[in-house]
Amino acid sequence: MSAVATRPRGARKASSASDDTRYWKIVFFTNGLVPLIFLISDWYQGALGANPIDYVTRATGTLALLFLALTLAVTPLRMLTGWGTLNKLRRMVGLYAFFYTTLHLLTYLWWDQELAFGAAVTDVLKRKFIAVGLAAWLIMLPLAITSTNGMIKRVGGKRWKWLHRLTYVAAGLGVLHFYMLLKVPTRKLWNYGLLIGALLAVRIAVWAFKQATRGKKTP
Ligand code: HEM
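Residues numbered from 1 in each chain as written. Predicted model: local features only at pLDDT ≥ 70, side-chain atom pairs only at ≥ 80, totals over all residues.

A. Looking closely at the overall build of the chain. The helix and strand inventory of the chain stands at ten helices and zero strands. Listing the helices and strands of the chain from first to last along the sequence gives α-α-α-α-α-α-α-α-α-α. Its C-alpha atoms put the chain at 65 × 50 × 35 Å along the principal axes. Out of the 219 residues in the chain, the part that is buried amounts to 18%. (Helix = DSSP H or I, 4+ residues; strand = E, 2+ residues; numbered from the N terminus. Buried ≥ 20, exposed ≤ 12 C-beta atoms within 10 Å, placed from the backbone.)

B. Main features of the environment of Ala119. Of note, Ala119 is situated in helix H5 (residues 117–126). Note on Ala119: 12 C-beta atoms within 10 Å, which makes it exposed. Remark: the alpha-carbon pair of Ala119 and Leu109, spanning ten residues in sequence, is separated by 9.9 Å.

C. How the structure looks around the site of the ligand. Around the ligand, the surrounding shell holds 21 residues, and the nearest of these are Gly61, Ala64, Gly133, Ala136 and Gly174. When residues in the shell around the ligand are grouped by element, the largest group, seven residues, is from helix H3 (residues 52–81). Grouping the amino acids of the shell around the ligand by side-chain chemistry returns twelve nonpolar, eight polar and one charged. (Near = placed C-beta within 6 Å. Nonpolar A, V, L, I, M, F, W, Y, C, P; charged D, E, K, R; others polar.)

D. View of unusual backbone geometry. We note that Glu114 has phi near 50°; this positive angle belongs to a residue other than glycine. Inspection of the secondary structure assignment puts Glu114 in the loop between helix H4 (85–112) and H5. A positive phi angle is found at Leu115, which is not glycine, with a value near 60°. By the element assignment, Leu115 lies in the loop between H4 and H5.

E. Structural view of the packing of H3 against helix H9 (residues 166–181). Running from N to C, H3 and H9 cross one another at 145°; their axes reach a closest spacing of 10 Å. Along this stretch, H3 crosses H9, giving a crossing that reads as left-handed. Between H3 and H9, the contacting residues are Ala64, Leu65, Leu68, Ala69, Thr71 and Leu72 on the first element and Thr167, Tyr168, Ala170, Ala171, Gly174 and Phe178 on the second. Partitioned by chemical class, the residues of the contact of H3 with H9 number nine nonpolar, three polar and no charged. (Axes fitted to C-alpha atoms, helices over the stretch in contact; angles between N-to-C directions. Left-handed = near helix turned anticlockwise from the far one by under 90°. Contact = placed C-beta atoms within 7 Å.)

F. Spotlight on the nonpolar core. Counting residues in hydrophobic clusters, the biggest one holds 27 residues, and the most contacted among them are Phe67, Leu68 and Ala69. For this core, the element with the most residues is H3, which contributes ten residues. Here Ala69 is in contact with Ala171, Tyr192, Leu195 and Ile196, once residues within four sequence places are set aside. (Core = buried A, V, L, I, M, F, W, Y, C linked by C-beta atoms within 7 Å.)

G. Main features of the environment of Gln45. Among the secondary structure elements, Gln45 is positioned in the loop between helix H2 (9–44) and H3. For the pair Gln45 and Met79, spaced 34 residues apart in the sequence, the C-alpha separation amounts to 43 Å.

H. Quick look at the packing of H9 against helix H10 (residues 187–214). Where H9 meets H10, the axes come as close as 10 Å, and the angle between the chain directions of the two elements is 160°. By the angle between their axes, H9 is roughly antiparallel relative to H10. Regarding H9 and H10, the two cross each other, and that crossing is left-handed. Here Tyr168, Ala171, Gly172, Val175, Phe178 and Tyr179 of H9 lie close against H10, whose contacting residues are Leu189, Tyr192, Gly193, Ile196 and Leu200. Here the residues of the contact of H9 with H10 sort into nine nonpolar, two polar and no charged. (Parallel < 35°, antiparallel > 145°, perpendicular 65-115°, else oblique.)

Next comes the structure, spelled out in structure tokens:
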């Protein structure tokens, strides 16, 4: 008789759920790397255009915003679809947002400013939109550091949840940073601004609904 056949039904269900999570984690991890692979391949082939620094800054900035929006979309999508695995992918989506934002920051500091920190500070003070972007990255840093299971335990579930709501602030600052650098708002800015605003509105509505129905449940 096979080991699978003798396994209790509950254990089999749990193991297939964890197989499903592992599968989706691999799918998401691989897909999250695709933009990076394209950037490296374009760089290797000298296909980054006339101004490679601009190209990479814009690409990584857009990816930062995209993954931040995806991070915020996880909970509403889970509520809408009831697909529990999404919760288990949230950490990876958030870490990808931090990864591409850090790549964006490094493109600026390392490539554009050639690690001349004095000049970078002067530039940040002169171009305020960069200071706003930096503030967003500084907010994301403790979120990335506290993303491990050990850190969640150490910080405490409730405090950790509150801390991670700062993702909304980081995303808002990301949109503001984008808005400040444009002379005329583009459709891309509107799309991200409205998407992130709508995701925040959904969370506020869910929170308000829970508050309103909390007292009514007890007879
Ligand atoms: C959450 C954090 C951040 C987000 C979401 C973000 C997003 C963006 C976006 C969407 C763009 C414009 C892309 C386009 O033109 O299509 C951009 C441009 C830029 N960002 Fe960020 N950014 C962030 C943080 C930072 C940081 C930390 C720095 C540097 C310290 C930075 C420096 C720049 C620069 C120099 C540009 C190019 C401006 C230009 O075209 O002249 N950003 N960013």
